[in-house]
There are 2 protein chains.
Amino acid sequence: MKPRLVALLAGALMLTVPGSASAHAVAANTPGLPGPHNAITDVPGIKVGQVQSARAPYLTGTTVIYTPTMSVTGVDQSGGAPATKETDLLDPLNSNPGVNAVMLGGSSMYGLSATDGIIRWLEERGEGVRVGSGVAPIVPAADIYDLGRGGDFKARTTPEWGYLAAQAAKEGPVRQGVVGGGTGARAGGLKGGVGTASMVLSDGTMVGAIVVVNSAGSPVDPRDCSLFAARYEVAGEFRGLETPKAKECRQEAKADAPSLNTTIAVVATNAPLEKAAAARMAGNTQDGLARAISPIHTLGDGDTIFGMSTGTGTPLRVNNPADSRRLNEIFNAATDTLTRATGHAMLNATSAGTTLSYCDRYPSACKKVQPLPQNKQGEAPEVTQASLVATAEKFRNAPAVPE
Amino acid sequence: MKPRLVALLAGALMLTVPGSASAHAVAANTPGLPGPHNAITDVPGIKVGQVQSARAPYLTGTTVIYTPTMSVTGVDQSGGAPATKETDLLDPLNSNPGVNAVMLGGSSMYGLSATDGIIRWLEERGEGVRVGSGVAPIVPAADIYDLGRGGDFKARTTPEWGYLAAQAAKEGPVRQGVVGGGTGARAGGLKGGVGTASMVLSDGTMVGAIVVVNSAGSPVDPRDCSLFAARYEVAGEFRGLETPKAKECRQEAKADAPSLNTTIAVVATNAPLEKAAAARMAGNTQDGLARAISPIHTLGDGDTIFGMSTGTGTPLRVNNPADSRRLNEIFNAATDTLTRATGHAMLNATSAGTTLSYCDRYPSACKKVQPLPQNKQGEAPEVTQASLVATAEKFRNAPAVPE
């Protein structure tokens, strides 16, 4: 039976207790259901750290997906206008054996500098590929376009933000909505943000996804103004989401001026994948974005997905027929999980300035949605001026240039 | 207004006369509606020829998309197990200025030989890139896996089939269902086949798609057994298709054993595209398959899409910001059009052997579906032994090898 079907059946059963706090506890480690936190951190070996500032003129932040034991990673870059770093070494033809972290950031190409802080934090801990007397931390990254959305084009993330995000990395619940790299996100004229989800496969393999939804296209079905992703709900995870009333749907949302956007994501599994399989997982999961957002992959989007494997042991290979069934099961589950994560991003987003959240734009869709319990919400500390200054102090340790 | 929305609104209006023979006549050249034939041949400069045999032990065939004045063409290859020919020259970094035809064939890697017959037919007419004293006809191709489905693994297409398909190429209505390259197709355990569709954009640009649906994944939504593609219907084009009764949906279709599959397509426009834009159109439209079929792009699929431009004049370029809006509009329309073509493939397919068509599997969904008028159905001649022999005779004209 395909995982999607298992999930749907399980979802139907769970719908008898939508939004109940016990639903996820019951779901833990049950095939076809989300993992205990319904988050990418359900994949063993994955930690997530996020910081942001939503105080004008800032509206941006940084999300770090950190793998303390490194992870085999591939990438698929499909949008027309990407802002990325260290993606070439992820080509299966190149020798990189794994990464320490992946950053999903705000502040577009400027914000790629935030990786410098993650690199510094990793170097302090001696983490990275061994080179000479030191380490070379490997931190690929993709950023969304959010420049100027807080009011000042120059209010951007810097290396300090990356350092603070890495420091905040932990297992457990992941904060969603207007946090981390999704702080300045918009999606089809609505407020975007960060979403995450996970899925347990029939053999116990875990897959997870985290996404920053910032698309030119819309996550809303124009026929009935439901979220496209709502169709992929598992186990009542959207906690009472409904199709909005027709009256709300008829109030046409104003079309955005054409703009630069970008949806970026990490999908991960604890199954051992060769590097080509990690890249293929990344590529296949672009289909999950296609189902959640329309259009996607436009010339103004830089849509990029990283595929990470934290598994050990003999890796599954794309050109080994004996591995095909299991790989397809993992790829398909990761694809659906990314679609679901997109739904969580939209539902957890809150209005910012004149940009309405989905729930504020279509209140009848969300009026029965129950909030996540406090202890399931996760944390994402706000960046403060004091924390930036204190971090910048730590950075002042370069060797002096000799006279 | 986005073309998708225009299309949906237009579709709503047209639904007052679903299935009426006049619907398409009214729709001709109206922005947001299909072109006069709702087929890829609505794109000026595109002809389609198809031949097949559905007589055991044969169940295979060939579809040719022929552009008499050549067309700028790109390709996107996204499935894990492709059978393709002449795709490398379509790379925008390579110098090929255009193609004469694209073949979408059956018989997997064996059937790629059918291109030899298309090439011969083109050479006889002096068509191809000028080289020395002759021409080099350019015929990229992708084939589906259908080997043995008619009962004999060796009953395959040959160069003669390609020649006959090229001979049959014409403008106007395109035959759909169990024809041409889709004769042996299956999709998620149901009978697959050939489908086509078109769309007129707001500036009069035409886009069209033709697809051979032969996916490992299913075109049917497991929640209610509707066709995924039905959501994208324009102007009542599915002629009365409904969601099947819940009772029929509960009868679980048996899962296929894992198999080799492949969905292949051509998307085309009469807008002038540079080669990179044609390739990007091909890549973006993989999203249209993702929306119509789940999963898609698996390791056992060789999903491949060709993007063709028959337009003349200054080409639209992906890295010219002034062209972005129009290119995105074309790409998005082509993506939706390919989704719709997938729906037509499933609806026009007829059961073959033990493989049920969608309409035979879910009769309540199709009981109100009105047939296309005879003069809109198009033609796809059956290959006969006599036609194969006569064609083979023509092929015996190679210069003698000197003693």
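The preceding data block contains the structure.
Residues numbered from 1 in each chain as written. Chains lettered and ligands numbered in written order. Predicted model: local features only at pLDDT ≥ 70, side-chain atom pairs only at ≥ 80, totals over all residues. Heavy atoms only, no water.

1. A short note on the state of the cysteines
Residues and elements named next belong to chain B. Applied cut-off: What counts as a disulfide here is a pair of cysteine sulfur atoms lying within 2.5 Å. The buried label applies to any residue whose accessible area, calculated with a 1.4 Å probe on protein chains only, is under 20% of its type's maximum; exposed applies above 50%, and partly exposed to all values in between.
A full pass over the atoms with the stated rule returns four disulfides over all chains. The disulfide partner of Cys 359 is Cys 366, and the gap between their sulfur atoms is 2.1 Å. Since a negative S-S torsion denotes a left-handed disulfide, the Cys 359-Cys 366 link at about -75° is left-handed. One exposure class covers both Cys 359 and Cys 366, and it is buried. If one numbers only the bonded cysteines of chain A, in the order they occur, the disulfide pattern is 1-2, 3-4.

2. Here's the deal with the pattern of salt bridges
Counted only if it meets this: We count a salt bridge whenever a side-chain nitrogen from Lys or Arg sits within 4 Å of a carboxyl oxygen from Asp or Glu. The way it works is that DSSP assigns letters per residue, a run of H or I at least four long becomes a helix, a run of E at least two long becomes a strand, and they are numbered from the N terminus.
Across all of its chains, the model carries 18 salt bridges over all chains by this definition. Put simply, Lys170(B) and Glu379(B) hold a salt bridge, and the shortest N to O gap is 3.3 Å. Here Glu379(B) lies in the loop between α11 (363-366) and α12 (385-394) and Lys170(B) lies in the loop between α5 (159-167) and β8 (186-187), a separation of 209 residues in the sequence. Glu242(B) is the salt-bridge partner of Lys368(B), the closest N and O atoms lying 3.1 Å from each other. Taken together, the residues Lys368(B) in the loop between α11 and α12 and Glu242(B) in the loop between β11 (206-213) and α6 (246-250) connect sequence positions 126 residues apart. Look at Glu242(B) and you get partly exposed, because its relative accessible area is 29%. Taken together, the shared-partner salt bridges connect Asp221(A), Arg223(A) and Arg231(A) into one network.

3. Thoughts on the pairing of strand β13 (residues 304-309) of chain A
Residue and element names in this part refer to chain A. Going by this rule: Strands are labelled as partners when DSSP assigns at least two bridges between them.
Burial of β13 is extensive: six of the six residues sit out of reach of the surface. With burial as the criterion, each face of β13 is covered, one bearing Thr 304, Phe 306 and Met 308 and the other bearing Ile 305, Gly 307 and Ser 309. As defined by bridge partners, strand β2 (residues 60-77) adjoins β13 across six bridges and the pair is classed as antiparallel. Directly across from Gln 77, in β13, lies its bridge partner Thr 304. As defined by bridge partners, strand β12 (residues 264-269) adjoins β13 across six bridges and the pair is classed as parallel. Within the sheet, the bridge partner assigned to Val 266 lies in β13 and is Phe 306.

4. Some remarks on the relation of the copies chain A and chain B
So the rule is basically this: Here the copies were fitted onto each other by least squares, based on C-alpha atoms from residues at pLDDT of at least 70 in both.
Note on the identical chains: chain A maps onto chain B by a rotation of 180° and an axial translation of 0.0 Å, with an RMSD of 0.0 Å. Each copy turns onto its partner about a two-fold axis. Scanning chain A for the C-alpha nearest the rotation axis identifies Arg291(A), at a separation of 2.8 Å.

5. Let's talk about the side chain of Gln286(B)
Residue and element names in this part refer to chain B. In plain terms, the rule: N or O atoms closer than or at 3.5 Å make up a polar contact, with two conditions inside protein: a donor-capable atom paired with an acceptor-capable one, and, for residues adjacent in sequence, both atoms drawn from side chains. Any two residues whose heavy atoms approach within 4.5 Å at even a single point are treated as in contact.
Within the secondary structure, Gln 286 sits in helix α8 (residues 286-292). Within polar-contact distance, the side chain of Gln 286 engages the side chain of Asp 76 at 2.9 Å. Not counting the four nearest positions on each side in its chain, Gln 286 is found in contact with Asp 76, Gln 77, Ser 78, His 297, Asp 303, Thr 304 and Ile 305.

6. Considering the interface of chain A and chain B
Where we set the bar: Once two parts are joined, some of their accessible surface, as seen by a 1.4 Å probe, is lost; buried area is that loss totalled over both. Ten residue types, Ala, Val, Leu, Ile, Met, Phe, Trp, Tyr, Cys and Pro, are classed as nonpolar, four, Asp, Glu, Lys and Arg, as charged, and the remainder, Gly among them, as polar.
Across the boundary between the two partners, chain A contributes 34 residues, which contact 35 residues of chain B. Roughly 2,800 Å² is buried in total at the junction of chain A and chain B, and carbon and sulfur atoms are behind 49% of that figure. Broken down residue by residue, the surface that chain A buries against chain B is led by Arg231(A), Arg291(A) and Leu299(A), which jointly contribute 22%. Across the contact surface, chain A and chain B share zero salt bridges. Seen at the junction of chain A and chain B, the total is 14 residue pairs in polar contact (both at pLDDT 80 or more). Among the residues forming the side of chain A that touches chain B, the class breakdown is 13 nonpolar, twelve polar and nine charged.

7. A short note on the nonpolar core
Counted only if it meets this: Among the buried residues, those of types Ala, Val, Leu, Ile, Met, Phe, Trp, Tyr and Cys that are joined through side-chain atoms within 4.5 Å form a nonpolar core.
Of all hydrophobic cores here, the largest spans 98 residues; its most connected members are Tyr358(A) and Tyr358(B). Residues in contact with Tyr358(A), not counting those within four places in the same chain, are Leu190(A), Val220(A), Cys225(A), Ser226(A), Leu227(A), Leu241(A), Pro244(A), Met346(A), Leu347(A), Ala365(A) and Cys366(A).

8. Regarding the packing of aromatic side chains
Two aromatic rings, taken as a pair, are described by how far apart their centres are and by the angle between their planes. All names here are of chain A. Under the convention used in this document: Classification of ring pairs rests on two measures: the distance between centres of Phe, Tyr or Trp rings, Trp counted by its six-membered ring, which must be within 6.5 Å, and the angle between planes, read as stacked under 30 degrees, edge-to-face over 60 and tilted in between. Placement of a positive charge over a ring is assigned whenever Lys NZ or Arg CZ falls within 6 Å of the ring centre and within 35 degrees of the normal to the ring plane.
Summed over the entire model, instances satisfying the criterion amount to ten aromatic pairs over all chains. Ring centres 6.2 Å apart and planes at 85° place the aromatic pair Tyr 110 and Phe 153 in the edge-to-face group. Separated by 43 residues along the polypeptide, Tyr 110 in helix α3 (residues 108-111) and Phe 153 in the loop between β7 (141-143) and α5 (159-167) bring together distant segments of the chain. The ring centre of Tyr 110 lies 3.4 Å from the NZ or CZ of Arg 156, which sits over that ring.

9. Some details on the pairing of β11(B)
Residues and elements named next belong to chain B. The element β11 is largely enclosed, with a buried count of eight among its eight residues. The alternating pattern of β11 places Met 206, Gly 208, Ile 210 and Val 212 on one face and Val 207, Ala 209, Val 211 and Val 213 on the opposite face, and all of these are buried. Relative to β11, strand β10 (residues 193-200) is paired through eight bridges, and the arrangement is antiparallel. Bridge pairing in β11 links Val 200 to Met 206. In sequence, β10 turns back onto β11 through a hairpin of five residues, with Gly 204 there showing a positive phi of about 90°. With six bridges joining them, β11 and strand β12 (residues 264-269) adopt antiparallel strand pairing. Each residue of the ladder has a partner; that of Val 207, found in β12, is Thr 269.

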